[in-house]
Amino acid sequence: MPVIKDHTLAPTPPMGWNSWNRFRCYGLSEEVVLGTADAMVESGMLAAGYDYLVIDDCWQDLERGADGELRSNPERFPRGMKWLGEQIHARGLKFGLYLSPGRKTCAMIYDQYPARELGSFGHEEQDIETLVSWGVDYLKYDWCQANRGGTGLTYAGAFEHMATVIAGAGRPIVMSISEYGKSKPWTWAGDYGHMWRTTGDIGASWGSVMRLVDRQHGLAPFAGPGGWNDPDMLEVGNDGLSAIESRSHFMLWAMLAAPLMAGNDIREMDASTVQLLTHPGILGVSQDALGRQGERILRTGKVDVWRRELSDGVAIGVLNRGRKPIELSIADGALIHDGKTLAALPDDARDVWTGAPATGSLSLRPREMVLLRGT
Ligand code: GLA
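In this report, the structure presented in the accompanying data block is examined.

Cut-offs and rules
Residues numbered from 1 in each chain as written. Predicted model: local features only at pLDDT ≥ 70, side-chain atom pairs only at ≥ 80, totals over all residues. Heavy atoms only, no water. Helix = DSSP H or I, 4+ residues; strand = E, 2+ residues; numbered from the N terminus. Rg over C-alpha atoms; globule rule 2.2 N^0.38 Å. Buried < 20%, exposed > 50% of the residue type's maximum accessible area, 1.4 Å probe, protein only. Areas by Shrake-Rupley, 256 points an atom, 1.4 Å probe, with all protein chains shown as cover. Core = buried A, V, L, I, M, F, W, Y, C linked by side-chain atoms within 4.5 Å. Contact = heavy atoms within 4.5 Å. Axes fitted to C-alpha atoms, helices over the stretch in contact; angles between N-to-C directions. Parallel < 35°, antiparallel > 145°, perpendicular 65-115°, else oblique. Left-handed = near helix turned anticlockwise from the far one by under 90°. Nonpolar A, V, L, I, M, F, W, Y, C, P; charged D, E, K, R; others polar. Near = heavy atom within 4 Å. Polar contact = N/O pair within 3.5 Å; in protein donor to acceptor, adjacent residues only side chain to side chain. 1 Å grid on protein atoms, 1.4 Å probe; cavity = no way out; pocket = protein on both sides within 12 Å on 5 of 7 lines; lining within 4 Å. Sits in = over half its atoms within 2 Å of the grid points. Points joined across faces, edges and corners; volume = space filled by probe spheres on them. Pairing = 2+ DSSP bridges.

Right, let's get into the overall build of the protein chain. What the protein chain contains, in helices and strands, is 11 helices and 17 strands. For a compact globule of 375 residues, the expected C-alpha radius of gyration is about 21 Å, and the protein chain comes in at 21 Å, within 12% of that figure. Seen through its C-alpha atoms, the protein chain measures out along the principal axes to roughly 70 × 45 × 35 Å. Buried residues in the protein chain amount to 57% of all 375 residues. Accessible surface, the protein chain: about 14,500 Å² in total, of which carbon and sulfur atoms supply 49%.

Of all hydrophobic cores here, the largest spans 101 residues; its most connected members are Ile 55, Trp 59, Leu 139, Phe 250 and Trp 253. If sequence neighbours within four positions are ignored, Trp 253 has contacts with Ile 202, Val 209, Leu 212, Val 213, Pro 231, Asp 232, Met 233, Leu 234, Ala 258, Pro 259 and Leu 260. Ranked by size, the runner-up nonpolar core spans 18 residues in total, among them Leu 335, Leu 345, Leu 364 and Leu 372.

Turning to its location among the elements, Val 274 is positioned in helix H10 (residues 271–277). Between the C-alpha atom of Val 274 and that of Met 45, which follows or precedes it by 229 residues, the distance is 7.8 Å. When residues no more than four places from it in sequence are discounted, the contact partners of Val 274 are Ser 43 and Met 269.

Our next topic: the packing of helix H8 (residues 206–214) against helix H9 (residues 243–255). Where H8 meets H9, the axes come as close as 11 Å, and the angle between the chain directions of the two elements is 20 degrees. As summarised for this structure, H8 and H9 are arranged roughly parallel, according to the angle between their axes. When you trace H8 past H9, the crossing you get is left-handed. Contacts between H8 and H9 pair Trp 206, Val 209, Met 210, Leu 212 and Val 213 from the former with Glu 245, Ser 248, His 249, Leu 252 and Trp 253 from the latter. Class assignment for the residues of the contact of H8 with H9 results in 7 nonpolar, 2 polar and 1 charged.

In the neighbourhood of the ligand, the contacting residues comprise Trp 20, Asp 56, Asp 57, Tyr 98, Cys 106, Ala 107, Lys 140, Asp 142, Tyr 180, Arg 197, Asp 201 and Met 233. A distance of 2.9 Å separates an oxygen atom of the ligand from a polar side-chain atom of Asp 142. Here an oxygen atom of the ligand and a side-chain polar atom of Arg 197 are 3.1 Å apart. Coverage of the ligand by the protein chains reaches 95% of its 310 Å² of free accessible surface. Counting atoms within 2 Å of the grid points, the majority share of the ligand lands in the largest pocket.

Moving on, we come to empty space enclosed by the protein. Throughout the structure, instances matching the rule amount to 2 cavities of 30 Å³ or more. By volume, the largest cavity is sized at about 70 Å³. Considering the residues around the largest cavity, the lining is formed by Asn 18, Val 54, Tyr 138, Lys 140, Ser 176, Ser 178, Met 195, Arg 197, Asp 230, Asp 232, Met 233 and Met 261. Considered class by class, the residues forming the lining of the largest cavity number 5 nonpolar, 3 polar and 4 charged. Approximately 60 Å³ is the volume found for the second largest cavity. Lining the second largest cavity are Val 213, Gln 216, His 217, Gly 218, Leu 256, Gln 293, Gly 294, Glu 295, Arg 296 and Trp 306. Residue classes in the lining of the second largest cavity are distributed as 3 nonpolar, 5 polar and 2 charged.

What follows deals with the sheet that holds strand E13 (residues 334–337). Taken in spatial order, the 4 strands of this open sheet run E14-E13-E12-E16, and their pairing is antiparallel. The outermost strands of the open sheet, each flanked by one partner alone, are strand E14 (340–344) and strand E16 (360–364). On average, each strand axis in the sheet is tilted by 30 degrees relative to the strand beside it, whichever way the strands run. In this sheet, E13 lies alongside strand E12 (residues 326–331) in antiparallel orientation, the contact comprising 3 bridges. Across the sheet, Ala 331 pairs through a bridge with Ala 334, a residue of E13.

Written out as structure tokens, the structure reads:
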């Protein structure tokens with residue numbers, strides 16, 4: 001297979017914000033997007049590295065125009081996408097937008113979005129021309145039963161086609177491939193896109209986070225600079241996860257070298273959410289230049305142990321999946337639980353969250369994770 005994507009675009013896992021998890025279909029508007037763009041700057045999110053602002057499904061008008069071109073929804077985006085893209089760029093952010101390869105977008109199928117023929121089937125070149133004319137820098141290309149309706153599309157074929165169109169578009173565009181892990185995209189998507197979903201949709205619950213995490217096992221070898229496994233967007237800051245659960249969710253995404261697409265309302269986030277999403281230690285693990293995805297190296301009882309190789313050392317994570325607190329101790333370069341060695345630990349290891357040296361003992365509350373890092 002020819003490698004046709006621009007490999008330079010995602011040297012580390014992409015970071016940004018996406019409208020879907022919080023605003024879904026009908027909550028999406030120009031006001032939300034503009035307010036989010038401002039808040040990404042004011043909150044420090046942009047400075048921390050969240051530079052893509054991605055508008056997901058339901059930005060479109062209900063029908064294509066007379067020449068078959070996609071248009072933005074005139075009620076919810078009265079000033080149009082070109083104008084909005086300029087506003088996003090003026091704030092130093094990059095602009096992402098959503099398309100689907102078949103006849104329908106997912107919201108037409110699952111959210112009763114009362115639209116017609118919004119899918120890009122037969123409009124691939126035209127839709128990319130439209131997006132390029134609006135200054136789009138990132139495409140989320142979302143499968144949505146694209147093989148239905150007589151399209152004859154296959155998973156890899158649809159994304160290869162779009163990668164070819166993007167390669168000829170004259171503008172660097174990150175492609176986020178979304179087919180929910182259906183066709184083992186990690187085996188082919190690296191030729192075409194910069195990230196690929198490995199699972200179905202996340203929900204704002206601990207059960208969902210754990211289900212998705214467990215489906216990442218064994219995928220690490222397929223990720224690296226230029227192309228990343230994507231266990232879906234973040235639920236940090238959304239109702240449904242406690243502060244401890246949110247922190248563990250975020251740490252796991254960092255260990256997984258996952259794209260970090262915030263999915264909360266940036267305009268109204270509380271101080272603890274900002275602190276978590278912009279935490280330099282966790283982001284340092286996420287964005288490590290070596291680009292090696294971490295893995296779960298041990299599961300013992302309710303304790304999962306993670307390891308990620310870093311450019312200057314290693315990160316070790318321990319997650320307490322159980323309902324009771326657990327105790328860990330550090331002795332002779334090892335991390336120990338219940339008399340059992342969980343992992344070797346460098347002498348200079350520090351707690352990534354607190355910055356404190358990792359010594360003595362520590363306890364983890366239910367669903368709490370600790371990240372340690374050393375050289
Ligand atoms: C699918 C995707 C989601 C979101 C919606 C939009 O469910 O997996 O991330 O893009 O479609 O309709």
